[in-house]
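For reference, the chains in residue letters:
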Amino acid sequence: MNRGAAVKNFEADSGRCADGGAVHRAYISIGSNIGDRAANCERAILALDSASGVRVAARSRLFLSEPVGYADQRWFVNAVVKVETTFSPFALLGVLQGLERDAGRKRSGIRFGPRTLDLDIVIFDDMIIDSDGLEIPHPRMHERRFVLGPLCDIDPRVVHPVLKKTARQLYDALSEDEQKILVREQ
Ligand code: ADP
Ligand code: MG
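Values in this document were obtained by computation on a predicted structure and should not be read as measured data.

(A) Structural view of the site of ligand 1. Residues in close proximity to ligand 1 include Leu 93, Phe 112, Asp 118, Asp 120, Ile 121, Gly 133, Leu 134, Glu 135, Ile 136 and His 138, which together make up its full environment. Where the shell around ligand 1 is concerned, the elements lending two or more residues are strand S5 (118–124) and strand S7 (135–136). If you tally residues by element for the shell around ligand 1, the top one is S5, at three residues.

(B) Quick look at the pairing of strand S1 (residues 24–32). Counted residue by residue, S1 has seven buried out of nine residues, so it is predominantly covered. Alignment of S1 against strand S4 (residues 76–85), held across nine bridges, turns out to be antiparallel. Opposite Ser 32, over in S4, you have Val 77 as the bridge partner. Pairing of S1 with S5 involves six bridges; the strand directions are antiparallel. Counted as the bridge partner of Ile 28 is Ile 121 from S5.

(C) Local environment of the nonpolar core. Ranked by internal contacts, the top residues of the largest apolar core, which has 39 residues, are Ile 28, Val 80, Val 122 and Leu 151. Going through the elements one at a time, S1, helix H1 (37–50), strand S2 (54–59), S4, helix H2 (89–102), S5, helix H3 (145–154) and helix H4 (167–172) are the ones with two or more residues in this core. Per element, the largest residue contribution to this core is six residues, and it comes from S4. Ignoring anything within four residues of it in the chain, the contact list for Val 80 reads Tyr 27, Ile 28, Ser 29, Ile 30, Ser 60, Val 122, Val 147, Pro 150, Leu 151 and Ile 154.

The rules we used
Residues numbered from 1 in each chain as written. Chains lettered and ligands numbered in written order. Predicted model: local features only at pLDDT ≥ 70, side-chain atom pairs only at ≥ 80, totals over all residues. Near = placed C-beta within 6 Å. Helix = DSSP H or I, 4+ residues; strand = E, 2+ residues; numbered from the N terminus. Buried ≥ 20, exposed ≤ 12 C-beta atoms within 10 Å, placed from the backbone. Pairing = 2+ DSSP bridges. Core = buried A, V, L, I, M, F, W, Y, C linked by C-beta atoms within 7 Å. Contact = placed C-beta atoms within 7 Å.

Put into structure tokens, the structure is as follows:
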């Protein structure tokens, strides 16, 4: 899982970008606030790395974050991983949704409500996608401390392809009295 390690062999699949199987760089945010939250996140990182066509190149530490949007729920455990993938963004989303289902995620109907596992694509190369089922960069990433904190933990120089600001600049621009996060004891 170290940066710079050889990219594992990718199986041929129909979800590739139309670029001859080039390797793309994506950042994925991971969150859980039901059950063993840390184990759910760690399992998701291992499962992502084992998925064909995806390799985890770097990961953040685990963070504990105050819920945002719907306060009456447990704090979340969050992390961000950097992956290398031959998949298109849509195929990668399919992989993430499969892992959410495997983790037993049930849709409660409450927007931003409790979940066993949430996997979101935050950034995918410099792509900008605005479709019904997929928006990249993630439309709320720049206002979420629980995304920007772990992202800075991996690489504070990552640039938001629309706002043209680094993860560190976006993090520093957040209002200080909102959205507490803590590095979780590892
Ligand atoms: P949220 O993560 O916003 O709390 P969900 O995990 O329930 O909510 O996702 C709702 C829908 O968001 C998914 O069905 C997916 O199609 C869509 N979606 C749009 N953009 C993204 C993205 N960048 N990453 C993951 N899901 C996304
Ligand atoms: Mg999601």
